[in-house]
Amino acid sequence: MSLFQAVSFPHTRYDIRMARHFIQPDYEAALYEPIRIADALPPTHLARWLAALIASWNLTAFYDRYALFGRPPYAPEILLGVLLYGYLTGVHSSRLIEQAIQESLPFRFLAAGSHPDAMTIGRFREATFPLVAGLFAQVLAQARADGYLPANPPVSADGTKIAANASKHHAVSYQHAVTLRDQLLQQAAALWDLPDDAVPDGMDPLHEIALRLAAIEQLDLAIAVIAARAQQRYAAARAEYDAKMAARAQRAQETGRKPGGRPPPPPPSPAPAPEDQYNFTDPDSRIMKNSTDTGVSQQYNAQLAVDQVGRFIVGYALSTHPNDKQEATTAIDTIPAAVGIPVAAAEDAGYFSEQNILALEARGIIPLITCGKQTHGLNWQRFHQARTDGPAPTGAAPVDRVRFALETACGHRIYAQRKSTVEPVFGLIKTVFGFRHFSVRGTEKALGEWSLVSLAYDVKRLYACQARVRQQAGSWCRQIVTHLVQIAHSLSGWWRGEGQAQPSECRKSVTGSRTLTRLASPTAGGSYASGC
């Protein structure tokens, strides 16, 4: 009798196991139990669906990378399958993917009985980064063919901070780098002048000097990079200052009087600031404020453009700018040609500037950028106020045109979709996919991994839409696509002065969208990521 079987419950007069029969575990028999993967993974399982999807892709660019000789490599379908499934299920490390191939049935199925090691998976991932854009376009083309993504949809753009593969404790400020460099130079000179009889036992002066010279070389690089960044920052600030002063001079010439308000302050000195930092593990990353607390860490600014109809990621970008002021068009410019130019772009106040408005207009996109924070807790009179649908005033400034567009019924409805389109995507990526920090270093590689995450999200989105359509929302999906396209093109016609934005179309579109969202909600039997 085991120790556990001999222990009786202190608050009962008898052992419950003597009065009740339990199914006992037989681990020896379980070790030899035959398991068919076809029985464990139903036909609708994500792993089986992913394998069929990858088989339908054009992987010519992947096969062209391989030489005509050498040991037989793993097929790209195998490595793409385990890599994408890893990002879909929160397994991002190549070593963890290798372990999952041994222990997890979906990974073992996607590996097709093979066992690629972590080094192979890691090298394939980095080699795949330049080719992800082609797969990204193929997934969006499939979504368009299935009717989940219309041409020229309105999009919502936003950014989030993703932690870099670097520690802020391995960084140095400009002031400290200069001070430390001078100290190391003095130490190296003192070691060089040290008499032989004064050298301690076991110490090699030349080795100590070499160590300090290597550190000085790294500090010189850090000082040079910080100085170059300061020059770039000054050039951008100077250009913005000159543009503002030119605009003030033009207004003074047009009105014949001095413009109101204080003139913009001149740009700061081109010299580096004492607190400017350089990170030795990932020099491309930047110190940025955390969104969850008041601290700072090494991060990248990741941008996404999400369409408001199918909730697919249609564009992505990555930068080292701490705010979104310079990112109004970076993600939108990466939208594939199969999707087309968005009819409108909804962005928050972090992107607001006249330059960004003109940049979006130059691309044929209606800029819906709010110029301030939205007021919460509005009463019903303010919420349901009558909105204008006439043309914008003739000769209005770009900022005034955007404000007028946001006050129209259709403009208000499109901008109201922003928080329910792009914000949940960031939540899904960080919470469901578990992607909160990069596994690679450098802006180019980090952008490649961000593109891989965007591809994984669109793959999951396509799977979710097809699953929900099969269950109950087939007729709704195409109907809502039609309604939301109507509202976007109604606003587009109003922006070009070809008609009025119809409030009835706006209300009809939003009502249908909310109905479909309810059908795809977790309470309706779906998952958080399965709203079509």
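The model shown is predicted, which means the values in this text are computed figures rather than measured ones.

### Some words on the overall build of the protein chain
Reasoning step 1: Along the protein chain, the regular secondary structure elements total 20 helices and eight strands.
Reasoning step 2: Counting across all 532 residues of the protein chain, residues that qualify as buried make up 42%.
Reasoning step 3: Sequence-distant contacts in the protein chain: of pairs separated by 6 or more residues, those separated by 24 or more amount to 71%.
Reasoning step 4: Working note: accessible area of the protein chain is about 29000 Å², and carbon and sulfur atoms make up 55% of it.

### Observations regarding the packing of helix 5 (residues 46–56) against helix 7 (residues 76–88)
Reasoning step 1: Two numbers describe how helix 5 lies on helix 7: the axes approach to 10 Å, and their chain directions differ by 135 degrees. In terms of orientation, helix 5 lies oblique with respect to helix 7. Here the hand of the crossing between helix 5 and helix 7 comes out right-handed. Together, Leu46, Ala47, Leu50 and Ile54 of helix 5 and Glu77, Leu80, Gly81, Leu84, Tyr85 and Leu88 of helix 7 make up the contact between the two elements.
Reasoning step 2: A per-class count over the contact of helix 5 with helix 7 returns eight nonpolar, one polar and one charged.

### Quick word on the environment of Leu184
Reasoning step 1: Counting through the fold element by element, Leu184 comes out in helix 12 (residues 174–192).
Reasoning step 2: Note: C-alpha distance between Leu184 and Ile209 (25 residues apart in sequence) is 9.1 Å.
Reasoning step 3: With near-sequence residues (within four places) excluded, Leu184 lies in contact with Arg212, Ala215, Ile216 and Leu219.

### Some remarks on the pattern of salt bridges
Reasoning step 1: What the rule picks out here adds up to 12 salt bridges.
Reasoning step 2: In this structure, Asp276 engages Arg233 in a salt bridge whose closest nitrogen and oxygen atoms are separated by 3.0 Å. Here Arg233 lies in helix 13 (residues 205–255) and Asp276 lies in the loop between helix 13 and strand 3 (277–279), a separation of 43 residues in the sequence.
Reasoning step 3: Residue Asp276 is classed as buried on the basis of its relative accessible area of 16%.
Reasoning step 4: Overall, the relative accessible area of 41% leaves Arg233 in the partly exposed class.
Reasoning step 5: Linking Asp333 and Arg363 is a salt bridge whose minimum nitrogen-to-oxygen distance equals 2.7 Å. Highlighted residues: Asp333 in the loop between strand 6 (313–319) and strand 7 (344–347) and Arg363 in the loop between helix 14 (354–362) and strand 8 (366–369), separated in sequence by 30 residues.
Reasoning step 6: Residues joined by salt bridges that share partners form a network here, namely Asp158, Asp348, Arg418 and Glu423.

### Some thoughts on the packing of helix 8 (residues 94–103) against helix 10 (residues 118–128)
Reasoning step 1: Remark: helix 8 packs on helix 10, axes separated minimally by 8 Å, with the N-to-C direction vectors making an angle of 125 degrees. Regarding the angle of helix 8 to helix 10, the classification is oblique. For the crossing formed where helix 8 meets helix 10, the hand is right-handed. Where helix 8 approaches helix 10, its residues Ser94, Arg95, Ile97, Glu98 and Ile101 are matched on the opposing element by Ala118, Ile121, Gly122 and Arg125.

### A closer look at the side chain of Lys430
Reasoning step 1: Along the polypeptide, Lys430 turns up in helix 18 (residues 422–432).
Reasoning step 2: For Lys430, the side chain forms a polar contact with the main-chain oxygen of Lys161, separated by 3.3 Å.

### A few points about the packing of aromatic side chains
Reasoning step 1: For the structure shown, the criterion picks out 10 aromatic pairs.
Reasoning step 2: Within the aromatic cluster, the residues linked to one another by ring pairs are Tyr87, Tyr300, Phe435, Phe438 and Trp450.
Reasoning step 3: Of note, Arg65 hangs over the ring of Tyr66, and the distance from its end group to the ring centre comes to 5.5 Å.

### Describing the environment of Tyr85
Reasoning step 1: Residue placement: Tyr85 occurs in helix 7.
Reasoning step 2: In this structure the C-alpha to C-alpha distance between Tyr85 and Lys460, which are 375 residues apart in sequence, comes to 9.6 Å.

### A few points about the nonpolar core
Reasoning step 1: Among the nonpolar cores identified, the biggest contains 92 residues, and Trp57, Leu304, Ile429, Trp450 and Val459 are the most heavily contacted of them.
Reasoning step 2: The element contributing the most residues to this core is helix 19 (residues 443–495), with 11 residues.
Reasoning step 3: Membership of the second largest hydrophobic core comes to nine residues, among which are Val172, Ala177, Leu184 and Ile226.

### Quick word on unusual backbone geometry
Reasoning step 1: The residue Ala112 is not glycine, and still its phi comes out positive at about 55 degrees.
Reasoning step 2: By the secondary structure assignment, Ala112 is in the loop between helix 9 (105–110) and helix 10.
Reasoning step 3: Although it is not a glycine, Asn152 sits at a positive phi angle of roughly 55 degrees.
Reasoning step 4: Turning to its location among the elements, Asn152 is positioned in the loop between helix 11 (132–146) and strand 1 (155–163).

### Notes on the confidence of the model for the protein chain
Reasoning step 1: Per-residue pLDDT for the protein chain averages 82, and the proportion of residues at 70 or more is 79%.
Reasoning step 2: Below a pLDDT of 50 lies the segment residues 1–9, which in the model reaches eight contacts outside its immediate sequence neighbourhood of four places, other chains included.
Reasoning step 3: Predicted confidence for residues 503–532 stays below pLDDT 50, and this span has 62 contacts to residues more than four positions away or in other chains.

### Considerations on the pairing of strand 1
Reasoning step 1: Pairing of strand 1 with strand 5 (residues 296–307) involves nine bridges; the strand directions are antiparallel. By the bridge assignment for strand 5, Ser156 is matched with Val306.
Reasoning step 2: By the bridge criterion, two bridges tie strand 1 to strand 7 in an arrangement that is parallel. By the bridge assignment for strand 7, Ser156 is matched with Ala346.

### A closer look at helix 11
Reasoning step 1: For helix 11, built from 15 residues, the straight-helix expectation of 21 Å at 1.5 Å per residue is met to within 8% by its first-to-last C-alpha distance of 21 Å.
Reasoning step 2: Within helix 11 the residues assigned to the buried category are Val132, Leu135, Phe136, Val139, Leu140, Ala143 and Asp146. Viewed along the axis of helix 11, the buried residues span an arc of 135 degrees, placing them on a single side of the element.
Reasoning step 3: Positive phi appears at Gly147, one or two residues downstream of helix 11, with a value of about 90 degrees.

Calculation rules
- Residues numbered from 1 in each chain as written.
- Predicted model: local features only at pLDDT ≥ 70, side-chain atom pairs only at ≥ 80, totals over all residues.
- Heavy atoms only, no water.
- Helix = DSSP H or I, 4+ residues; strand = E, 2+ residues; numbered from the N terminus.
- Buried < 20%, exposed > 50% of the residue type's maximum accessible area, 1.4 Å probe, protein only.
- Contact = heavy atoms within 4.5 Å.
- Areas by Shrake-Rupley, 256 points an atom, 1.4 Å probe, with all protein chains shown as cover.
- Axes fitted to C-alpha atoms, helices over the stretch in contact; angles between N-to-C directions.
- Parallel < 35°, antiparallel > 145°, perpendicular 65-115°, else oblique.
- Left-handed = near helix turned anticlockwise from the far one by under 90°.
- Nonpolar A, V, L, I, M, F, W, Y, C, P; charged D, E, K, R; others polar.
- Salt bridge = Lys/Arg side-chain N within 4 Å of Asp/Glu carboxyl O.
- Polar contact = N/O pair within 3.5 Å; in protein donor to acceptor, adjacent residues only side chain to side chain.
- Phe/Tyr/Trp six-rings, centres within 6.5 Å; stacked < 30°, edge-to-face > 60°.
- Lys NZ or Arg CZ within 6 Å of the ring centre and 35° of its normal.
- Core = buried A, V, L, I, M, F, W, Y, C linked by side-chain atoms within 4.5 Å.
- pLDDT = per-residue confidence, 0-100.
- Pairing = 2+ DSSP bridges.
- Expected span 1.5 Å × (residues − 1).
- Arc of directions from axis to C-beta.

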